[in-house]
Amino acid sequence: MRKLGRIALYLLGGFAVFLIAIILYNASWFDSPHGDGHIKLLAHRGVHQTFSKDGVGNDTCTADRINPPTHDFIENTLPSMEAAFADGADVVELDVHLTPDMKFAVLHDWTVDCRTEGKGVTEQLDMAYLKTLDLGYGYTADGGKTFPLRGKGVGLMPTLDEVLARFPDKHFLVNFKSRHPEEGDALAQLIAQHPEWRNAIWASYGGAEPTDRSIALIDGLRGYTGTSMMKCIVDYELTGWTGIVPGSCRNTIVVVPSLRVNARGNSPQPTRRRVRS
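Residues numbered from 1 in each chain as written. Predicted model: local features only at pLDDT ≥ 70, side-chain atom pairs only at ≥ 80, totals over all residues. Heavy atoms only, no water.

### Re the nonpolar core
In plain terms, the rule: What makes a nonpolar core is a set of buried Ala, Val, Leu, Ile, Met, Phe, Trp, Tyr and Cys residues whose side-chain atoms join them at distances within 4.5 Å. The buried label goes to any residue with under 20% of its type's maximum accessible area, the exposed label to any with over 50%, and the partly exposed label to all in between, with areas taken from a 1.4 Å probe on protein chains only. In DSSP terms, a helix is any run of H or I states spanning at least four residues, a strand is any run of E spanning at least two, and both are numbered starting from the N terminus. By the convention used here, residues are in contact when the closest approach between their heavy atoms is within 4.5 Å.
One finds Leu94 and Phe172 to be the most contacted residues of the largest nonpolar core, which totals 31 residues. Only α2 (78–86), β2 (91–98), β3 (104–106), α4 (160–166), β4 (172–176) and α5 (182–193) provide two or more residues apiece to this core. With residues up to four places along the chain from it excluded, the contact list for Phe172 reads Met81, Phe85, Val91, Val92, Leu94, Val163, Leu164, Phe167, Ala200, Ile201, Trp202 and Ala203. Counting residues in hydrophobic clusters, the runner-up holds 16 residues, among them Ile66, Ala105, Leu133 and Leu149.

### Concerning the pairing of β4
To be explicit about the condition: Paired strands, in this sense, are two strands between which DSSP finds at least two bridges. Handedness rule for crossovers: strands pointing away from the viewer, path from the first strand over the helix to the second running clockwise, crossover right-handed.
Of all 5 residues in β4, 5 are buried; the element is thus mostly enclosed. Of the two faces of β4, the one lined by Phe172, Val174 and Phe176 and the one lined by Leu173 and Asn175 are each fully buried. The pairing of β2 with β4 spans 5 bridges and is parallel. Its bridge partner being in β4, Val96 is matched across the sheet by Phe176. Pairing analysis gives 5 bridges linking β4 to strand β5 (residues 201–206), with the strands arranged parallel. When the bridges of β5 are listed, Val174 appears paired with Ser204. Once you follow β4 into α5 and on to β5, the crossover reads as right-handed.

### Focus on the environment of Ser52
We apply this condition: N or O atoms within 3.5 Å of each other form a polar contact, as long as, within protein, one can give a hydrogen and the other can take it, and as long as residues adjacent in sequence are counted only when both atoms are side-chain atoms.
Summarising the element assignment, Ser52 is placed in the loop between β1 (42–44) and α2. On the basis of relative accessible area, Ser52 is assigned to the partly exposed category, the value being 31%. Taking the C-alpha atoms as reference, Ser52 lies 7.1 Å from Asn67; in sequence the two are 15 residues apart. A polar contact of 3.4 Å, which involves the side chain of Ser52, links it to the backbone nitrogen of Asp54.

### Quick notes on the state of the cysteines
Heads up, the condition is: Any cysteine sulfur atom paired with another within 2.5 Å is treated as part of a disulfide.
Summed over all chains, the structure comprises 2 disulfides. Covalent S-S linkage joins Cys232 and Cys249, the inter-sulfur distance amounting to 2.1 Å. Disulfide Cys232 to Cys249: torsion about the S-S bond roughly 115°, handedness right-handed. In this pair, Cys232 is assigned in helix α7 (residues 226–239) and Cys249 in the loop between α7 and α8 (268–276), connecting sequence segments 17 residues apart. There is no split in this pair, since Cys232 and Cys249 are both buried. In the protein, the bonded cysteines, numbered by position in the sequence, are linked as 1-2, 3-4.

### Considerations on the side chain of Thr252
In this structure, Thr252 sits in the loop between α7 and α8. Engagement of the side chain of Thr252 in a polar contact is seen with the backbone oxygen of Gly223, the distance being 2.9 Å. Sequence-distant contacts of Thr252, defined by excluding residues within four places in its chain, comprise Arg222, Gly223 and Tyr224.

### Comments concerning the pattern of salt bridges
What counts, and what does not: We define a salt bridge as a contact between a side-chain nitrogen of Lys or Arg and a carboxyl oxygen of Asp or Glu at a distance within 4 Å.
Tallied over the full model, the rule gives 9 salt bridges. Among the ionic pairs, Arg115 bridges to Glu75, the shortest N-O distance being 3.6 Å. Of this pair, Arg115 sits in the loop between β3 and α3 (127–130) while Glu75 sits in the loop between β1 and α2, and the two are 40 residues apart along the sequence. Across the pair, Glu75 and Arg115 agree in class, each one buried.

Note that every value here comes from positions in space, so none of it alone points to a role or purpose.
Put into structure tokens, the structure is as follows:
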């Protein structure tokens, strides 16, 4: 019995040493809070109006719930992107829809009904019509009593071509709003026609089919989908504490939803260091 007790004590001690080693290996105590000293700033749709997020779903019209405006910028427009870069953004995220005339319209919403005076599904409307709309039409901070941006967004919906021509030396995260694979083909064709814009496409994400297609067709392009994001997170939670970065987290954009930050199995800086190596 005494011998068994001694063995159990050795095993318990060995496990304690192993546990302490894992904790130390995954701690951020000796890492700089900001890693290499530079955090990349991503501006979501450029400089945009803020709004209450209570009860917001995928189809919620956010233009009719904005906070009182402190500026006149309208999201996903050239002025809003220019302001974001001027304020220090490294990357601007933008949303695209492929229209019937084969132009990428830059707009977040699936329909134009929320923000504009128009009606219809964005991807079903010609760019010529979209250019006539007032992007500031639907914004209100007081339940529709006043519309402070109405008239200030006429003709401001850009095409992706216009964005890249205006900012060829900047970086953009392209969000495919649909799941049509031909949108990935169209982006690849656009870059083939304008190779000088290749570096401006920092990454793609959104609809799985166009995202995967664009990554396959555009040399060196990175991106992620909901499926690839969750696979990386789950795989890393299983093995990340060992220092092994799973294949699903390599050569891609690693995105960690805020709700899962504390479930990654280790501290932020070791994770960041490993996936960058």
